[in-house]
Amino acid sequence: MKTLYSQKIFPVILDHVMQFDSLMAARKKLLTDVAGDVVEVGFGTGLNLPFYGEGVLSLTAVDPNPGMNRLAEPRIAQAKFPVMHRQLSAEKMPFETDSVDAVVSTWTLCSIPDVNAALAEMRRILKPTGSLYLVEHGLSPNRQLAKWQNRLTPVQKVVADGCHLNRDIKKIVEEAGFEWVQCEHFNAQKLPNIFSWMTLGHAKK
Ligand SMILES: C[S@@+](CC[C@H](N)C(=O)[O-])C[C@H]1O[C@@H](n2cnc3c(N)ncnc32)[C@H](O)[C@@H]1O
């Protein structure tokens, strides 16, 4: 039953929800300048592909859910650069140390079970000159809202396939050893308050 939901039903819901205007605008803002050999973790249904700029040489798409991969295939077929699709978890990636120019994560750090291990892996595979680009929802600075995010996370994890509402994205990225080059926050339009607090930016290895 869990597999049916997470691999067949949830990917279809997610593909719809993740195309809200405010989320698509954030993808565009984040991805235009990403360049070189890129690893995108939590590739989902491939909604970022049209937003990458001309500087991308190759993209390795990492996601453990085969249901997501199925929906991503038609978008991969339209990509302007080579896309290698790998059914993997970000906590352990079989890529060389210091080998990629950019790692991209869009609304994925919320869903990775061992997010600290995954961030350490992302940092390991980046070249010394490489950067992590991300846009993520997370723990609100509003204490009342944060209280609700903490209360509702156990339910959210069941409904949204492991998604946590209450991760402090800026802090966990810093704790993993990254150094922010640009980091901004905004409330995404037309989303429920518990999801709307966003962190967008990029951080050096
Ligand atoms: C909320 S979705 C976001 C999808 C996509 N990044 C987007 O922007 O539309 C979270 C994604 O993270 C993936 N995911 C969950 N656990 C993961 C893990 N351990 N490693 C990598 N990806 C994971 C899920 O399968 C899902 O595709």
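Residues numbered from 1 in each chain as written. Predicted model: local features only at pLDDT ≥ 70, side-chain atom pairs only at ≥ 80, totals over all residues.

## Notes on the overall build of the protein chain
So, step 1. Along the backbone of the protein chain there are seven helices and seven strands.
So, step 2. Ordered by position from the N terminus, the helices and strands of the protein chain form the series α-α-β-β-α-β-β-α-β-α-α-β-α-β.
So, step 3. Relative to its full complement of 205 residues, the protein chain shows a buried share of 39%.
So, step 4. Pairs at least 24 apart in sequence give 69% of the contacts found in the protein chain among residues at least 6 apart. (Helix = DSSP H or I, 4+ residues; strand = E, 2+ residues; numbered from the N terminus. Buried ≥ 20, exposed ≤ 12 C-beta atoms within 10 Å, placed from the backbone. Contact = placed C-beta atoms within 7 Å.)

## Description of the sheet that holds strand E4 (residues 100–106)
So, step 1. Here we have seven strands laid out as an open sheet, ordered E3-E2-E1-E4-E5-E7-E6, and mixed in their pairing. Edge positions in the sheet fall to strand E3 (83–86) and strand E6 (179–187), since each of these pairs with one other strand and no more. In this sheet, neighbouring strand axes are inclined to one another by 15° on average, regardless of whether the strands run parallel or antiparallel.
So, step 2. The pairing of strand E1 (residues 36–41) with strand E2 (residues 56–62) spans six bridges and is parallel. Note that in E2 the partner of Glu 40 across the bridge is Ala 61.
So, step 3. This element, helix H4 (residues 115–125), spans E1, E4 and strand E5 (126–137) of the sheet and lies at about 145° to E5. (Pairing = 2+ DSSP bridges. Axes fitted to C-alpha atoms, helices over the stretch in contact; angles between N-to-C directions.)

## Quick word on helix H5 (residues 143–159)
So, step 1. Taking 1.5 Å of rise per residue, the 17 residues of H5 would be expected to cover 24 Å, and the 24 Å separating its terminal C-alpha atoms lies within 8% of that figure.
So, step 2. When the local axis directions of H5 are compared, the greatest deviation, roughly 50°, occurs at Thr 153, which is followed within four positions by the proline Pro 154.
So, step 3. Backbone geometry just after H5 places Asp 161 at a positive phi near 55°. (Expected span 1.5 Å × (residues − 1). Bend = angle between axes of the 7 residues up to and from the residue.)

## Thoughts on the site of the ligand
So, step 1. Lining the immediate surroundings of the ligand are 21 residues, of which Gly 42, Gly 44, Asn 65, Ala 90 and Thr 106 lie closest.
So, step 2. Across the shell around the ligand, the residue classes break down as 11 nonpolar, eight polar and two charged. (Near = placed C-beta within 6 Å. Nonpolar A, V, L, I, M, F, W, Y, C, P; charged D, E, K, R; others polar.)

## Considerations on the environment of Asp 15
So, step 1. Residue placement: Asp 15 occurs in helix H1 (residues 2–17).
So, step 2. Sequence separation of Asp 15 and Asn 166 is 151 residues, and the distance between their C-alpha atoms is 22 Å.

## Re the pairing of E3
Every regular strand shows the same layout, with side chains that alternate between the two sheet faces.
So, step 1. Across four bridges, the pairing between E2 and E3 is parallel. Following the sheet pairing, Val 62 is matched in E3 by Arg 86.

## Observations concerning the pairing of E2
So, step 1. With five of seven residues buried, E2 lies mostly within the body of the structure.
So, step 2. Remark: the E2/helix H3 (residues 66–77)/E3 crossover connection has right-handed handedness. (Right-handed = clockwise from strand over helix to strand, strands pointing away.)

## So, unusual backbone geometry
Peptide bonds are, in most cases, trans, and in most cases residues other than glycine have a negative phi.
So, step 1. For Asp 98, which is not glycine, the phi torsion reads 55° and is therefore positive.
So, step 2. A positive phi angle is found at Lys 190, which is not glycine, with a value near 65°.
So, step 3. Along the chain, the position of Lys 190 falls in the loop between E6 and helix H7 (193–196).
So, step 4. Lys 190 gets classed as exposed once you count the C-beta atoms within 10 Å, which come to 9.

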